[in-house]
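For reference, the chains in residue letters:
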Amino acid sequence: MRSILSAFPTEKLKLVKMDGRSIENIEALVEPKKIFVEDASIIIEEGDMFERKLKNGATEYYEVLDRGFYQGMHGIPDHYQVSVQKTTAKAYTNSVTYNISNESGKININSTDNSVNINVTLTEEDKALFETIRSLAKTLENKDEIVAAVDGMQNAAGKKVFCKNIMNLCK
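Residues numbered from 1 in each chain as written. Predicted model: local features only at pLDDT ≥ 70, side-chain atom pairs only at ≥ 80, totals over all residues. Heavy atoms only, no water.

*Asks:* It is not clear to me how the overall build of the protein should be interpreted in this structure. Could you clarify?
*Replies:* Counting its secondary structure elements, the protein contains three helices and seven strands. Start at the N end of the protein and walk to the C end: the helices and strands fall as β-β-β-β-β-β-β-α-α-α. Per-residue burial over the protein gives 24% buried out of 171 residues. Taking the contacts inside the protein whose residues are at least 6 apart along the sequence as the reference set, 42% of them involve residues at least 24 apart. Per element, the accessible surface of the protein, about 12,700 Å² overall, is 52% carbon and sulfur. (Helix = DSSP H or I, 4+ residues; strand = E, 2+ residues; numbered from the N terminus. Buried < 20%, exposed > 50% of the residue type's maximum accessible area, 1.4 Å probe, protein only. Contact = heavy atoms within 4.5 Å. Areas by Shrake-Rupley, 256 points an atom, 1.4 Å probe, with all protein chains shown as cover.)

Structure representation (structure tokens):
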């Protein structure tokens, strides 16, 4: 099969896929609204971006609107006539958004978490112990203050504020 681009000035482009992978040195003919690519082994998809380095150091970006794949026939090889729209680098940035909702407040990205989480919940024995402390507190002079502190400790058991409540008691 003969090359359909051999009579035209071509350039080397970079194709950046939507998932961030890239393919370098793609031989292509660039026009304002079309990019012609003879290498049919490359998978070009709508939403992909072509990156074109200009001789003056600037870079142009083209978003793929329609891959325009043409099956070869009558001596013309399979090829792409990609419909594109010139865009800015801002529209071309890849971003990742992490929505995090967890009890521990820890975040691990591409790393292994070797920490241990300990969740404290009150058993029936613990609840009985708090009742005993309340009973004993009622015999003291400042019983209302101590009973309120014990209630706060029981409500905070297993939470970060538990230690804070104990520290306030010791003042």
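*Asks:* Even after reading the chapter, I still don't get the pattern of salt bridges, so can you show me in this structure?
*Replies:* Any two side chains of opposite charge can pair, so long as their charged atoms come close to each other. On inspection of all chains with the given rule, the structure shows 13 salt bridges. For the salt bridge of Lys53 with Glu51, the shortest nitrogen-to-oxygen distance reads 3.7 Å. For the salt bridge of Arg52 with Glu60, the shortest nitrogen-to-oxygen distance reads 2.9 Å. Classification of Glu60 by relative accessible area gives buried; the value is 13%. The network of salt bridges with common partners includes Glu11, Arg52, Glu60 and Lys86. (Salt bridge = Lys/Arg side-chain N within 4 Å of Asp/Glu carboxyl O.)

*Asks:* Whenever I open this one, the nonpolar core confuses me. Can you help?
*Replies:* Core analysis: the biggest nonpolar cluster contains 15 residues, and Ile35, Val37, Ile44, Phe50 and Val82 have the highest contact counts within it. Taken together, the elements giving at least two residues each to this core come down to strand E1 (11-16), strand E2 (22-30), strand E3 (34-37), strand E5 (59-66) and strand E7 (79-87). (Core = buried A, V, L, I, M, F, W, Y, C linked by side-chain atoms within 4.5 Å.)

*Asks:* What am I meant to see in helix H1 (residues 124-137) here?
*Replies:* Because an α-helix completes one turn every 3.6 residues, residues spaced three or four positions apart along the sequence face the same direction. Spanning 14 residues, H1 covers 20 Å between terminal C-alpha atoms, matching the ideal 20 Å at 1.5 Å per step. Inspection of H1 places Phe130, Arg134 and Ala137 among the buried residues, and these make up the whole buried set. Buried residues along H1 cover an arc of 65 degrees about the axis, so they all sit on one side. Within H1, the exposed residues directed more than 90 degrees away from the buried face are Glu124, Glu125 and Leu136. Residues of H1 that are buried in the fold lie against helix H2 (143-156). (Expected span 1.5 Å × (residues − 1). Arc of directions from axis to C-beta.)

*Asks:* What should I look at first to understand the packing of aromatic side chains in this one?
*Replies:* Considering all chains together, one arrives at one aromatic pair under this definition. Measuring from ring centre to ring centre gives 5.2 Å for Phe69 and Tyr80, while their planes differ by 70 degrees; the resulting arrangement is edge-to-face. On the criterion of sequence distance, the pair formed by Phe69 in strand E6 (residues 69-70) and Tyr80 in strand E7 is long-range, its members being 11 residues apart. (Phe/Tyr/Trp six-rings, centres within 6.5 Å; stacked < 30°, edge-to-face > 60°.)

*Asks:* Any chance you could explain the environment of Tyr70 here in plain terms?
*Replies:* Looking at the secondary structure, you find Tyr70 in strand E6. For the pair formed by Tyr70 and Tyr80, sequence separation is 10 residues and the distance between their alpha carbons is 5.9 Å.

*Asks:* I keep staring at the packing of H1 against H2 and nothing clicks. Help me out?
*Replies:* The geometry of H1 relative to H2 is characterised by a closest axis approach of 9 Å and an angle of 170 degrees between their N-to-C directions. The angle between the axes of H1 and H2 places the two elements in the roughly antiparallel class. Only Lys143, Ile146, Val147, Val150, Asp151, Met153 and Gln154 of H2 make contact with H1, whose side of the interface consists of Lys127, Phe130, Ile133, Arg134 and Ala137. (Axes fitted to C-alpha atoms, helices over the stretch in contact; angles between N-to-C directions. Parallel < 35°, antiparallel > 145°, perpendicular 65-115°, else oblique.)

*Asks:* Please explain H2 as it appears in this structure.
*Replies:* The end-to-end C-alpha distance of H2, which contains 14 residues, comes to 20 Å, matching closely the 20 Å that a straight helix rising 1.5 Å per residue would cover. All buried positions along H2 are accounted for by Val147, Val150, Met153, Gln154 and Ala156. A positive backbone phi angle near 90 degrees is found at Gly158, which sits one or two residues after H2.

*Asks:* It is not clear to me how unusual backbone geometry should be interpreted in this structure. Could you clarify?
*Replies:* Backbone phi values are negative for most residues with the exception of glycine, while trans is the configuration of most peptide bonds. Even without glycine at this site, Asn25 takes up a positive phi of about 55 degrees. On the secondary structure map, Asn25 appears in strand E2. Judged by its relative accessible area of 54%, Asn25 falls in the exposed class. Positive phi, normally seen in glycine, also occurs at His74, with a value near 50 degrees. Here His74 is to be found in the loop between E6 and E7.

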